Amino acid sequence: MKKITTLFLLSIQCLFAQNYVEYHTGSTTDVSTNQQPGVCMMGGATEHDEAMKWFLNKADGGDVVVLRASGSDGYNDYFYTDLGITINSVTTFVINNVAGATDPYVLQRVANAEAIWFAGGDQYNYVSYFKDNAMEDALNNFINVKQGVIGGTSAGMAILGSTYFSAQYGTLESNVALSNPYHPRVALGYNDFLNIPFLNNVITDTHYDNPDRRGRHSVFLARFSKDNAMRSFGIACNEYVAVCVAADGKAYVYGDYPNYQEFAYFLQANCVEDYQPETCEAFTPLDWNRGGEAIKVYKIPGTMTGINYFDLTDWETGSGGDWQNWSVSNGTFATAAGINPQCGALSISDNEVFKAEVYPNPFSDTFYISLQGQAKDIKLYNILGSEINIKLEVNKNINTTTLSSGLYILKLKTETSEQTFKLIKR
């Protein structure tokens, strides 16, 4: 009789809550713990248990919320009991529309969570349902103010970079992207959704067991560099591989190498003065060669212990991997052995994109703008686009005691470049 009653109540819930469906496992009492920040990205097949333990341990026994736009409760028992990590609860929300994503109850559960996981599926559903609304604000607050751990697999990984492939017009084959970098299917979002530490200007990609993905990923980086006049970066995983980024910026790679060919890839536009694609135009094959070294890639085998890593604070220090050069000539992708670009050792003129830094982020009462050179213009805006009238100076602490908590946009111009920073005030 108890089972019949439970099924009846669930049916009633589904009938009257078509905007979302909830599946809950564990305690119904919220707890507060000493959660830790981090991000876990998976390539799209079966989850790597050791990486998922890393993810759950960051929650410190707290509550996990799984967000998805299809499927059901497949993560609940896996997170709550199968991995042997003690947590308070797992709640899965299957979100069906914007109304479901912005429902006050759903938003409150997101705010109360210590860990948030995005399932696979269609990433455009996540972009459509979660972006430019209260859910986006809740997620960014969770990441940057509460500083909980976040992660996702397949489509859930695809949305974690500050630049992302939205899949608005469906999936994308490399030959289509390489032959026309501005094909409608090359649908990219730039710095307008999630703001995750160490993933600024990063474009992720998944299911990298298919070597065809490398071509389209190269187009994503080329488009970002062309459209934003900045160097671009990427992180990609084979299907059974996970990349777990700790609070210090080290990205640890999990897999089952050498039993299987399981790798993660860390891509960056080469740190030279002429890093831009030679040709990146609509209806024209991409040409991004730069002497065969347009994109520098560090390829790391994933291990069961996640011992190999890449440091996202400098994008050149790593262990266990090897460097490759990727390039595209007249729409044809090529790869060859490479060497460390050693961007940090370059002169100021060669390393133009790294001249400005703003830290800490998130900040409390002050932040610091570090700039080697002269600033032509500095402006700070709130989330509504209104300019903030406070004194802004480079190489000095900026006093923000008059500002309320929230998201701000800093725009800094020099004679040769312009950079935009998303800042979170706690």
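A short tour of the structure in this document, coming up.

Scoring rules and cut-offs
- Residues numbered from 1 in each chain as written.
- Predicted model: local features only at pLDDT ≥ 70, side-chain atom pairs only at ≥ 80, totals over all residues.
- Heavy atoms only, no water.
- Axes fitted to C-alpha atoms, helices over the stretch in contact; angles between N-to-C directions.
- Helix = DSSP H or I, 4+ residues; strand = E, 2+ residues; numbered from the N terminus.
- Parallel < 35°, antiparallel > 145°, perpendicular 65-115°, else oblique.
- Contact = heavy atoms within 4.5 Å.
- Nonpolar A, V, L, I, M, F, W, Y, C, P; charged D, E, K, R; others polar.
- Buried < 20%, exposed > 50% of the residue type's maximum accessible area, 1.4 Å probe, protein only.
- Polar contact = N/O pair within 3.5 Å; in protein donor to acceptor, adjacent residues only side chain to side chain.
- Patch = residues over 30% accessible without salt bridge, like charges linked within 9 Å, V, L, I, M, F, W, Y side chains within 5 Å.
- Areas by Shrake-Rupley, 256 points an atom, 1.4 Å probe, with all protein chains shown as cover.
- Salt bridge = Lys/Arg side-chain N within 4 Å of Asp/Glu carboxyl O.
- Lys, Arg positive; Asp, Glu negative; His and termini not counted.
- Charge placed at Lys NZ, Arg CZ, Asp CG, Glu CD.
- Core = buried A, V, L, I, M, F, W, Y, C linked by side-chain atoms within 4.5 Å.
- Disulfide = S-S within 2.5 Å.
- Pairing = 2+ DSSP bridges.
- Phe/Tyr/Trp six-rings, centres within 6.5 Å; stacked < 30°, edge-to-face > 60°.
- Lys NZ or Arg CZ within 6 Å of the ring centre and 35° of its normal.
- Arc of directions from axis to C-beta.

## Regarding the packing of helix H5 (residues 104-112) against helix H7 (residues 134-146)
Thought 1: Look at H5 against H7: their axes get within 9 Å of each other, and the N-to-C directions meet at 10 degrees. On the basis of the axis angle, H5 is roughly parallel to H7. Contacts from Val106, Leu107, Val110, Ala111 and Asn112 in H5 reach Ala134, Met135, Ala138, Leu139, Phe142 and Lys146 in H7.
Thought 2: For the contact of H5 with H7, the class distribution of residues is 9 nonpolar, 1 polar and 1 charged.

## What about H7?
Each α-helix winds once per 3.6 residues, and so residues spaced three or four apart point in a common direction.
Thought 1: For H7, the set of buried residues is Met135, Glu136, Ala138, Leu139, Asn140, Phe142, Ile143 and Asn144.
Thought 2: Where H7 begins, the side chain of asparagine 133 points an oxygen toward the backbone nitrogen of methionine 135, at a separation of 2.9 Å.
Thought 3: Among the residues trailing H7, glutamine 147 stands out with phi positive, at a value near 60 degrees.

## Description of a negative patch on the surface
Thought 1: On the surface, Asp49, Asp73, Asp77 and Asp82 cluster together into a patch of negative charge.
Thought 2: Among the structural elements, aspartate 77 can be located in helix H3 (residues 76-82).
Thought 3: We classify aspartate 77 as partly exposed; its relative accessible area is 48%.

## Structural notes on the nonpolar core
For soluble globular proteins, nonpolar side chains are generally found buried alongside one another.
Thought 1: One finds Phe55, Phe79, Phe130 and Phe266 to be the most contacted residues of the largest nonpolar core, which totals 76 residues.
Thought 2: The next biggest cluster of nonpolar side chains, apart from the first, holds 29 residues, and it includes Ala167, Leu172, Ile203 and Met230.

## Description of the state of the cysteines
Thought 1: Under the counting rule described, the total for this entry stands at 1 disulfide.
Thought 2: Bridging cysteine 271 to cysteine 343, the disulfide has an S-S length of 2.1 Å. Note on the cysteine 271 and cysteine 343 pair: the S-S dihedral is about -90 degrees, so by sign convention the disulfide is left-handed. In this pair, cysteine 271 is assigned in the loop between strand E13 (263-269) and strand E14 (295-301) and cysteine 343 in the loop between strand E18 (332-337) and strand E19 (356-359), connecting sequence segments 72 residues apart.
Thought 3: When its relative accessible area of 3% is taken as the criterion, cysteine 271 is described as buried.
Thought 4: The thiol of cysteine 237 is not disulfide-bonded; the next cysteine sulfur, from cysteine 40, is found 8.6 Å away.

## Remarks on the sheet that holds strand E11 (residues 242-245)
Thought 1: Here we have 10 strands laid out as an open sheet, ordered E1-E4-E3-E5-E6-E2-E11-E12-E15-E16, and mixed in their pairing. For this open sheet the edge positions go to strand E1 (20-26) and strand E16 (318-319), each flanked by a neighbour on one side alone.
Thought 2: In this fold H7 packs onto strand E3 (63-68), strand E5 (115-118) and strand E6 (149-153), with an angle of close to 130 degrees to the strand it touches most, E5.

## Notes on the environment of tyrosine 309
Thought 1: If you trace the backbone, tyrosine 309 turns up in strand E15 (residues 309-311).
Thought 2: Classification of tyrosine 309 by relative accessible area gives buried; the value is 18%.
Thought 3: Sequence spacing of tyrosine 309 and alanine 264 is 45 residues, and the spatial spacing of their C-alpha atoms is 9.7 Å.
Thought 4: Sequence-distant contacts of tyrosine 309, that is, excluding residues within four places in its chain, are made with Lys250, Ala251, Tyr252, Tyr298, Ile300, Thr317, Gly318 and Ser319.

## Notes on the pairing of E14
Thought 1: Counting buried positions over the 7 residues of E14 gives 7, a clear majority of the element.
Thought 2: Relative to E14, E13 is paired through 7 bridges, and the arrangement is antiparallel. Bridge pairing links alanine 269 to isoleucine 295 in E14.
Thought 3: Here 5 bridges tie E14 to strand E17 (residues 322-329), and the two strands are oriented antiparallel to one another. Residue pairing in the sheet places valine 297 in a bridge with glutamine 324 of E17.

## A few points about the packing of aromatic side chains
In this description, an aromatic ring pair is defined by two values, namely the gap between the centres and the angle between the planes.
Thought 1: Applying the stated criterion across every chain, the model contains 29 aromatic pairs.
Thought 2: Centre to centre, the rings of tyrosine 164 and phenylalanine 193 are 6.0 Å apart; their planes meet at 70 degrees, and the pair counts as edge-to-face. Of this pair, tyrosine 164 sits in strand E7 (residues 163-165) while phenylalanine 193 sits in the loop between strand E8 (188-190) and strand E9 (202-205), and the two are 29 residues apart along the sequence.
Thought 3: Judged by relative accessible area, which is 2%, tyrosine 164 ranks as buried.
Thought 4: Geometrically, the ring pair formed by tyrosine 265 and tryptophan 326 is tilted, given 6.1 Å between the ring centres and 45 degrees between the ring planes. Here the residue tyrosine 265 occupies a position in strand E13, and tryptophan 326 occupies one in strand E17, the gap between them amounting to 61 residues. Tryptophan 326 matches tyrosine 265 in its accessibility class, with the two residues each being buried.
Thought 5: Taken together, the ring pairs connect Phe233, Phe266, Tyr298, Phe310, Trp315 and Trp323 into an aromatic cluster.
Thought 6: Sitting above the plane of the tryptophan 326 ring, arginine 214 keeps its charged end 5.9 Å from the centroid.
Thought 7: The ring of phenylalanine 263 carries lysine 299 above its face, with NZ or CZ at 4.2 Å from the centroid.

## Notes on H5
Thought 1: Within the sequence span of H5, burial applies to Val106, Leu107, Arg109 and Val110. Along the axis of H5, the buried residues cluster in a sector spanning 160 degrees; they form a single face.
Thought 2: Here the buried face of H5 lies against E1, E3, strand E4 (89-95), helix H4 (98-101), E5 and H7.
Thought 3: For H5, the capping residue at the N-terminal end is aspartate 103, with a side-chain oxygen 2.8 Å from the backbone nitrogen of tyrosine 105.

## Quick notes on the environment of glutamine 168
Thought 1: The topology assignment puts glutamine 168 in the loop between E7 and helix H9 (174-179).
Thought 2: Distance from glutamine 168 to leucine 221, taken between C-alpha atoms, is 18 Å for residues 53 residues apart in sequence.

## Section: the environment of isoleucine 339
Thought 1: Note that isoleucine 339 resides in the loop between E18 and E19.
Thought 2: Separated by 15 residues in the primary sequence, isoleucine 339 and glutamine 324 have C-alpha atoms spaced 6.8 Å apart.
Thought 3: Those residues in contact with isoleucine 339 that lie beyond four places of it in its chain are Lys296, Trp323 and Asn325.

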